[in-house]
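Understanding the architecture of this molecule
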Amino acid sequence: NGTDALYLSLKALDIGIGDEVLLSPYSFIATCASIHNAGAKPVFVDIKNDYNIDENKIENAITKKTKALLIPHIYGLPVDMDFIEKICKKYNLLLIEDAAEMIGQTCGLSKCGSFGDLSTFSFYANKHITTGEGGMIVTNDTKIAQSCRSLRNICFNQERRFLHYRLGWNYRFTN
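Attention here is on the structure that accompanies the text.

**Some remarks on the overall build of the protein**
- Per the secondary structure count, the protein includes five helices and ten strands.
- Here the protein, with 175 residues, has 40% of them falling under the buried criterion.
- Partitioning the intrachain contacts of the protein with sequence separation of at least 6 by distance along the chain shows that 51% fall at a separation of at least 24.
- Accessible surface, the protein as shown: approximately 10300 Å² in total, 52% of it carbon and sulfur.

Okay, here's the thing in structure tokens:
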């Protein structure tokens, strides 16, 4: 689902303990909880009148521990992602775009969901396209894509499909 897409994105980018991730305080709880569950610290940046993060306040929140920005677009209103990308480049920060409410929307000349290191989407019942549940991660980075594939589906892989532990014995089952 969209929550898992956010969490897997953080893990794929190796964001965890000791890292800070900047985000808007005005978002669904999954945005903040994903950062916390990855072991990182969520750091809130104030919002503007459209309920999106105030891009002009981001630089003041950046510290030596800041590793990424997780930017959700709220209510179908796009954040100025070109400006956000410039900040990320200037401070060498990773960028996760939460485009759960942005399918079909644009920011400037580019489609929302095409910015940053990766973008996430949600297909929950209240989203533009719904499958009842479901989420998606998109990236144009082959290494990040492979990491996301590795992390999905309880980290199953070709070499180790199942790994069970019982009473101190290690049972291995393979495909």
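And the narrative resumes.
**Quick word on the layout of surface pockets**
- Empty space within the second largest pocket amounts to approximately 250 Å³.
- Considering the residues around the second largest pocket, the lining is formed by 13 residues, among which Leu-8, Met-136, Ile-137, Cys-148 and Arg-152 are closest to the centre.
- Looking at the lining of the second largest pocket, the elements that each hand over two or more residues are helix H1 (2-12), strand S8 (135-138) and helix H5 (142-155).
- Class assignment for the residues of the lining of the second largest pocket results in seven nonpolar, three polar and three charged.

**Let's talk about the pattern of salt bridges**
- One pass over the structure, following the stated rule, counts four salt bridges.
- Across the pair Asp-19 and Lys-67 runs a salt bridge, and its minimum N-O distance is 3.8 Å. Of the two residues, Asp-19 sits in the loop between H1 and strand S1 (20-23) while Lys-67 sits in strand S3 (residues 66-72), which places them 48 residues apart along the sequence.
- A salt bridge links Asp-46 to Lys-57, with the nearest nitrogen and oxygen atoms 3.4 Å apart. Placement of the pair is Asp-46 in the loop between strand S2 (41-44) and helix H3 (58-61) and Lys-57 in the loop between S2 and H3, with a sequence separation of eleven residues.
- Residue Asp-46 is classed as partly exposed on the basis of its relative accessible area, which comes to 43%.

**Observations concerning the sheet that holds strand S4 (residues 94-98)**
- Spatially, the six strands line up as an open sheet ordered S2-S1-S3-S4-S7-S8, and their pairing is mixed. With partners counted over all chains shown, the strands left at the sheet margins are S2 and S8, one partner each. Each strand of the sheet is rotated relative to its neighbour by a mean of 25°, with strand direction disregarded.
- Bridging between strand S7 (residues 118-122) and S8 involves four bridges; their strand directions are antiparallel. Paired with Ser-119 across the strands is Val-138, a residue of S8.
- Most of the contacts of H1 go to S7, to which it runs at about 165°, and overall it touches S1, S3, S4, S7 and S8.

**Some points on the packing of H1 against helix H2 (residues 29-37)**
- Orientation of H1 relative to H2, taken along the N-to-C sense of each, is 35°, at an axis distance of 9 Å. The chirality of how H1 crosses H2 is right-handed. When H1 is examined against H2, the residues Thr-3, Leu-6, Tyr-7 and Leu-10 are found in contact with a partner set consisting of Ala-30, Thr-31, Ser-34, Ile-35 and Asn-37.

**Observations regarding a nonpolar patch on the surface**
- A contiguous nonpolar patch, built from Tyr-26, Tyr-51, Tyr-75 and Leu-77 and spanning about 400 Å² of accessible area, is present on the exposed surface.
- With respect to the helices and strands, the residue Tyr-26 is situated in the loop between S1 and H2.
- On the basis of relative accessible area, Tyr-26 is assigned to the partly exposed category, the value being 31%.

**Here's the deal with the side chain of Asp-19**
- Looking at Asp-19, the relative accessible area reads 16%, which means it is buried.
- Among the polar contacts listed, one links the side chain of Asp-19 to the backbone nitrogen of Gly-16, at a separation of 2.8 Å.

Definitions and cut-offs
- Residues numbered from 1 in each chain as written.
- Predicted model: local features only at pLDDT ≥ 70, side-chain atom pairs only at ≥ 80, totals over all residues.
- Heavy atoms only, no water.
- Helix = DSSP H or I, 4+ residues; strand = E, 2+ residues; numbered from the N terminus.
- Buried < 20%, exposed > 50% of the residue type's maximum accessible area, 1.4 Å probe, protein only.
- Contact = heavy atoms within 4.5 Å.
- Areas by Shrake-Rupley, 256 points an atom, 1.4 Å probe, with all protein chains shown as cover.
- 1 Å grid on protein atoms, 1.4 Å probe; cavity = no way out; pocket = protein on both sides within 12 Å on 5 of 7 lines; lining within 4 Å.
- Points joined across faces, edges and corners; volume = space filled by probe spheres on them.
- Nonpolar A, V, L, I, M, F, W, Y, C, P; charged D, E, K, R; others polar.
- Salt bridge = Lys/Arg side-chain N within 4 Å of Asp/Glu carboxyl O.
- Pairing = 2+ DSSP bridges.
- Axes fitted to C-alpha atoms, helices over the stretch in contact; angles between N-to-C directions.
- Left-handed = near helix turned anticlockwise from the far one by under 90°.
- Patch = residues over 30% accessible without salt bridge, like charges linked within 9 Å, V, L, I, M, F, W, Y side chains within 5 Å.
- Polar contact = N/O pair within 3.5 Å; in protein donor to acceptor, adjacent residues only side chain to side chain.

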